[in-house]
Amino acid sequence: MNDIDIVIKAQNGDDEAFSQLIKSCKEKLYKTAFAYLKNEEEALDVVSDTVYKAYMNINKLKNPEFFNTWITRILINNSINRLEKSKRIILVDEYEKFDDFNLDDSDIGVDVPKSLDLYNAIDKLNVKSKSIIILKYFQDMTISEISKVLKIPEGTIKVYLRRSLKKLKLELGEELI
Amino acid sequence: MDDEVKNGFEQIKVSDKLDDVVDRAIAKAKKDKKKNMIKTNIIKSSVAAASLLIVFITSIKFIPVFAQVLNNVTNGSSITHEAKSHYDKNIGLAETGGFVQNINESKTNKNIKVTINNVITDDKNVFIFYTLNGKLDKQGVKNLLLQNFKIYDDKYDLLLNSTSNYYSELPSILDGKEGDFLFTFNNKYRCVITSLGDSIKNYSQNYETYGTIELSALNENKIPDELNLKFLSFTEAYQMSYSKERYDNFISRFYRNPMSINGEWNFNMKINQNLKSIKPENYKNIEFSADHTDFNIKSFKIYPTRIEAKIEVGKNKLDGAKCYSIGQSNKNNNKNLPYLIDEKGNKYKLTDKEIENIDSDNSLSLTFQSCYFNYPEELYLVLNELNYKDESRNFSKDIGEVKIRIK
């Protein structure tokens, strides 16, 4: 049985199928939450909320093939809400108003060495940039997949990535070259 | 499995408690989903009863005679429930929270009976819901609207005198609302009178109308614990610039000017401390930037009936222009005014389209409708336009939609 069939079974009320879906992605969900919150208990809380909301709302998922995208989005929103509640981060995004640049992947221009401690460096970024870095360099998502998870246009994601990596380059010195 | 270090993310160890947490989350979700299904079935089986209720309430709105009959049975509580929801939906919810103080006191003079039905109040606002009945007169004075009144505190110090003191522009909170309105204020208090039930078409049967007096305390003033209210006159139609059409309709229908009835109807109200004792939900020093200008929401207080915000505004870092207000470029267009929105999409408007001038601390004071009885988990301030001045001119900037999280 393929993944889409399992999702459809879960949508039809099969609890075993739902458990199977969660089992296949729970570790990735936990690690993503931890990348935001850097705290075991908070990451577990966020995963718990995410699993709960996914169970309650799985019927609303129109395209079963996008289950992973969908549950990742729930998790990211829960993580950001938790971050904001504890740190009172203000949701004003200065990047929202720039034009949609015509960049391709090569314009991102920075190859991130595997030894670089992005895991700690991302704490210097705003929430949106942090999400993009986590999804690209931790979950290995493509720009197109990130665009679906975060519901941001692909061009916007490329600009965020470029700016974030430039900022990290300044913060971390020459390691990024 | 790839053992290679991936930018540090691989150092994250999976918690031992993860499996247990996931199992418990699924179990709770299963239980809650079952409970919701039972609730849905109960609601579905009540739909027929609900539709009857909708027909019932619609009848109150459009058939004044029916409303009058109902009033005799229920002491006006059903009608004033509608008045609360019509004026401000948040106030309409106050009833479910048990914050309505029943007064049910009537005074008669000049064959007109005035009844104070109930009151909702906190430290900053009082909503007084009343009914007017002209049927006692043989000829019957109809279609009554409150015209003039005075409000005093317990020592009979005058708080507000409405006599000949109404303003030609209404607050933005009344935009698009049906009803007849009067608006007045002094440097301590502000008052909106909303009259409902005005019906020239059903004039001959319209012996009973109802309305609201909303008294708001400005700046550091508060609503006293005891109010003395003196109704002084009523009229059949308002002659105000924004009521011109109704006034002209009255004259063309009856070939005479609307009648005014002067008298005195006095009420003493000791305010229930229920809402007054509630301390506001208070948020302080929320800093943010928009259009290269720094702001600080110095205080943000959520009262049961209103929200008060004080925002310190700065200078634009690029051109040095000083921000002096928000959304004030076009007083006839409310689209640029700031507002609040919660996570469910409920919007809370400014109570007045004019924002007071900046004070000596470079701060603006804004008052919004309250979200208190909606119990939101998240609340955002939304700005669309900033107003600046430099040495040579005043100008405005459209900044798109900037949302600042309050809670």
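Please refer to the structure placed before this passage.
Draft legend 1. Structural context of the overall build of chain A. Each helix and strand in chain A was counted, giving eight helices and zero strands. N-terminal to C-terminal, the α/β element order of chain A is α-α-α-α-α-α-α-α. When each of the 177 residues of chain A is scored for burial, the buried share is 47%. Partitioning the contacts of chain A with sequence separation of at least 6, the portion at a separation of at least 24 is 70%. If you sum the accessible surface of chain A, you get close to 9100 Å²; carbon and sulfur atoms cover 45% of it.

Draft legend 2. How the structure looks around the sheet that holds strand β5 (residues 158-161) of chain B. All names here are of chain B. What the four strands build is an open sheet, ordered β5-β4-β9-β10; its pairing is antiparallel. Of all strands in the sheet, those with a lone pairing partner are β5 and β10 (260-270), marking the two edges. Neighbouring strand axes in the sheet, compared pairwise and without regard to direction, differ in orientation by 20 degrees on average. Two strands pair when backbone bridges link them, and strand β4 (residues 145-152) and β5 are joined in this way by three bridges, in the antiparallel orientation. Across the sheet, the residue bridging to Y152 is L158, located in β5.

Draft legend 3. Layout of the layout of surface pockets. Residues and elements named next belong to chain B. Quantified by volume, the second largest pocket comes out at close to 1200 Å³. Among the elements of the structure, β6 (180-185), β8 (208-217), β12 (293-302), β13 (306-316) and β17 (363-369) are those that each provide at least two residues to the lining of the second largest pocket. Of the residues in the lining of the second largest pocket, the class split is 13 nonpolar, 14 polar and 17 charged.

Draft legend 4. Just the packing of aromatic side chains, in detail. Tallied over the entire structure, the rule returns 14 aromatic pairs over all chains. Summarising the aromatic geometry, the rings of A:Y30 and A:F34 are spaced 6.0 Å apart at their centres and angled 40 degrees between planes, so their arrangement reads as tilted. Taken together, the residues A:Y30 and A:F34, both in helix α2 (residues 15-37) and four residues apart, mark about one turn of the helix. Pairing B:Y130 with B:F231 gives two aromatic rings, centres 5.7 Å apart and planes at 70 degrees, and the pair type is edge-to-face. Taken together, the positions of B:Y130 in strand β3 (residues 125-133) and B:F231 in strand β9 (residues 226-235) put the pair 101 residues apart, joining distant regions of the chain. Of the two residues examined, B:Y130 and B:F231, each falls in the buried class. A network of ring pairs unites the aromatic residues B:Y130, B:F231, B:F234, B:W265 and B:F267 as a single cluster. It is A:K136 that lies over the ring of A:Y137; its NZ or CZ is 5.5 Å from the centre.

Draft legend 5. Representation of unusual backbone geometry in the model. Residues and elements named next belong to chain B. In the Ramachandran plot, N285 falls in the positive-phi region, its phi being about 50 degrees despite a non-glycine side chain. Of note, N285 is situated in strand β11 (residues 281-290). The class of N285 is exposed, set by a relative accessible area of 51%. At H292, a position not held by glycine, the phi torsion is positive, near 60 degrees. Position of H292 relative to the elements: it lies in the loop between β11 and β12. According to the relative accessible area criterion, H292 is partly exposed, its value standing at 45%.

Draft legend 6. The arrangement of the nonpolar core in detail. Core analysis: the largest hydrophobic core is formed by 64 residues, its most contacted members being A:F18, A:F67 and B:F9. The leading source of residues in this core is α2(A), at 12 residues. Every residue in contact with B:F9, bar those within four places of it in the chain, is listed here: A:A35, A:L118, A:Y119, A:I122, A:I134, A:Y137 and A:F138. Membership of the second largest hydrophobic core comes to 43 residues, among which are B:F288, B:I311, B:L340 and B:C371.

Draft legend 7. Inspection of the side chain of B:T115 at higher detail. Residues and elements named next belong to chain B. Secondary-structure assignment places T115 in strand β2 (residues 112-121). By relative accessible area, T115 is classed as buried at 12%. At 2.8 Å, the side chain of T115 forms a polar contact with the side chain of S106. Beyond its immediate stretch of four places on either side in the chain, T115 contacts E105, S106, F129, Y130 and T131.

Draft legend 8. Representation of the packing of α2(A) against helix α6 (residues 127-138) of chain A in the model. Residues and elements named next belong to chain A. Orientation of α2 relative to α6, taken along the N-to-C sense of each, is 140 degrees, at an axis distance of 11 Å. Comparing their axes, α6 and α2 come out oblique. Helix-helix and strand crossings are classified by hand; for α2 and α6 the assignment is right-handed. Facing K28, K31, T32, A35 and Y36 of α2, the residues of α6 in contact are K130, S131, I134 and F138. A class-by-class count of the residues in the contact of α2 with α6 yields four nonpolar, two polar and three charged.

Draft legend 9. The arrangement of the pattern of salt bridges in detail. Tallied over the entire structure, the rule returns 22 salt bridges over all chains. With its nearest N and O atoms 3.5 Å apart, the salt bridge here joins A:E42 to A:R82. Taken together, the residues A:E42 in helix α3 (residues 40-57) and A:R82 in helix α4 (residues 67-87) connect sequence positions 40 residues apart. On the basis of relative accessible area, A:E42 is assigned to the partly exposed category, the value being 23%. Residue classification places A:R82 among the partly exposed residues on the basis of a relative accessible area of 21%. B:D294 is paired through a salt bridge with B:K317; the nearest N and O atoms lie 3.1 Å apart. Here B:K317 lies in the loop between β13 and β14 (322-326) and B:D294 lies in strand β12, a separation of 23 residues in the sequence. Salt bridges sharing partners connect three or more residues here, namely A:E42, A:D45 and A:R82.

Calculation criteria
Residues numbered from 1 in each chain as written. Chains lettered and ligands numbered in written order. Predicted model: local features only at pLDDT ≥ 70, side-chain atom pairs only at ≥ 80, totals over all residues. Heavy atoms only, no water. Helix = DSSP H or I, 4+ residues; strand = E, 2+ residues; numbered from the N terminus. Buried < 20%, exposed > 50% of the residue type's maximum accessible area, 1.4 Å probe, protein only. Contact = heavy atoms within 4.5 Å. Areas by Shrake-Rupley, 256 points an atom, 1.4 Å probe, with all protein chains shown as cover. Pairing = 2+ DSSP bridges. Axes fitted to C-alpha atoms, helices over the stretch in contact; angles between N-to-C directions. 1 Å grid on protein atoms, 1.4 Å probe; cavity = no way out; pocket = protein on both sides within 12 Å on 5 of 7 lines; lining within 4 Å. Points joined across faces, edges and corners; volume = space filled by probe spheres on them. Nonpolar A, V, L, I, M, F, W, Y, C, P; charged D, E, K, R; others polar. Phe/Tyr/Trp six-rings, centres within 6.5 Å; stacked < 30°, edge-to-face > 60°. Lys NZ or Arg CZ within 6 Å of the ring centre and 35° of its normal. Core = buried A, V, L, I, M, F, W, Y, C linked by side-chain atoms within 4.5 Å. Polar contact = N/O pair within 3.5 Å; in protein donor to acceptor, adjacent residues only side chain to side chain. Parallel < 35°, antiparallel > 145°, perpendicular 65-115°, else oblique. Left-handed = near helix turned anticlockwise from the far one by under 90°. Salt bridge = Lys/Arg side-chain N within 4 Å of Asp/Glu carboxyl O.

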